[in-house]
Amino acid sequence: MHSSKPNSERSPEATPAPLPIEDAREQHLVAAAQKGDQSVWPELIRMYQSRMFGLCLKMVHNRDMAADLTQDAFLKIIKGLDTYDGRSKFSTWAYRITMNVCLSKLRSEKLRRHASLDAPGKDVEGAAGAASWGASMIQERELSPGSGVERQDERRLLSAGLQTLDPEQRAILILRDGRDLDYEQIAETLGIAVGTVKSRLFRARVALREAIEAMQKHGIGEVDADGES
């Protein structure tokens, strides 16, 4: 005797789960913008402005430069929206453009940045910016509060170590340990294979650990209280 499964026993895969409200709204706004509806851009910008600015600030450690880079990234997103095909999340696509803008800027300033690292004790403004970024990165990882002076020292050391890394290494650590993206999202953001993400992340963490150990050995990376404000 042939019997069929009742509807209640069918696999849940037969009916796709509904998108979260925020994701559904985002898709609606993007689709409307692609059709030429200019009125949706203010809301899209509000949704992403703080996230993109935070990403830029973590990469360049300078608020004015981060603001300029955020604006540049938005312009590229607006001009290139027709190329977004929906195969990845819009956020991943936007992060990729933003990260490319930051990496291009850092590469163009590589010689100047390396020159400043030759005298870390004199670059008070850069050290203060790095300390601020390190603190925000740790806070995003939801570490327990009330850590006191030891936690502040760890943040300063982490920040100074990250500042010594190549832009690509800094980027992958920000996306994984700062933004908590998975390997697939990082691969899409940076335009590389998942296996490459894993190997680069491993090397970046090794480089960061070695940088921190070297600074601990030589007493580098400390920031005066005046430099933290």
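Up top is the structure these notes are about.
Keep in mind that what you see is a predicted model, and the values were worked out from it rather than measured.

What counts and how
Residues numbered from 1 in each chain as written. Predicted model: local features only at pLDDT ≥ 70, side-chain atom pairs only at ≥ 80, totals over all residues. Heavy atoms only, no water. Core = buried A, V, L, I, M, F, W, Y, C linked by side-chain atoms within 4.5 Å. Buried < 20%, exposed > 50% of the residue type's maximum accessible area, 1.4 Å probe, protein only. Helix = DSSP H or I, 4+ residues; strand = E, 2+ residues; numbered from the N terminus. Contact = heavy atoms within 4.5 Å. Salt bridge = Lys/Arg side-chain N within 4 Å of Asp/Glu carboxyl O.

Caption draft 1: Quick look at the nonpolar core. Counting 55 residues, the largest nonpolar core has Met59 and Phe90 as its most contacted members. When contributions to this core are tallied by element, the ones reaching two or more residues are helix 1 (21–34), helix 2 (41–60), helix 3 (63–79), helix 4 (90–108), helix 7 (148–163), helix 8 (167–178), helix 9 (183–190) and helix 10 (194–218). Contacts of phenylalanine 90, omitting those with residues within four sequence positions, involve Glu26, Val30, Leu44, Tyr48, Ile77, Leu81 and Tyr84.

Caption draft 2: Examining unusual backbone geometry more closely. Positive phi is not limited to glycine here, since histidine 61 has a value of about 60°. Its place among the elements puts histidine 61 in the loop between helix 2 and helix 3. Here the phi dihedral of aspartate 180 falls at roughly 60°; this positive angle occurs in a residue that is not glycine. We classify aspartate 180 as exposed; its relative accessible area is 52%.

Caption draft 3: Seen up close, the pattern of salt bridges. Evaluation of the coordinates by the stated rule reveals four salt bridges. Here glutamate 43 and arginine 25 are joined by a salt bridge, their closest N and O atoms 2.8 Å apart. Residue glutamate 43 is found in helix 2, and its partner arginine 25 is found in helix 1; the two are separated by 18 residues along the sequence. Assessed through its relative accessible area of 24%, glutamate 43 is described here as partly exposed. The exposure class of arginine 25 is partly exposed, given its relative accessible area of 37%. Between glutamate 168 and arginine 107 there is a salt bridge, with the nearest N and O atoms lying 2.7 Å from each other. Highlighted residues: glutamate 168 in helix 8 and arginine 107 in helix 4, separated in sequence by 61 residues.

Treat this as a map of the structure, not an account of what it does.
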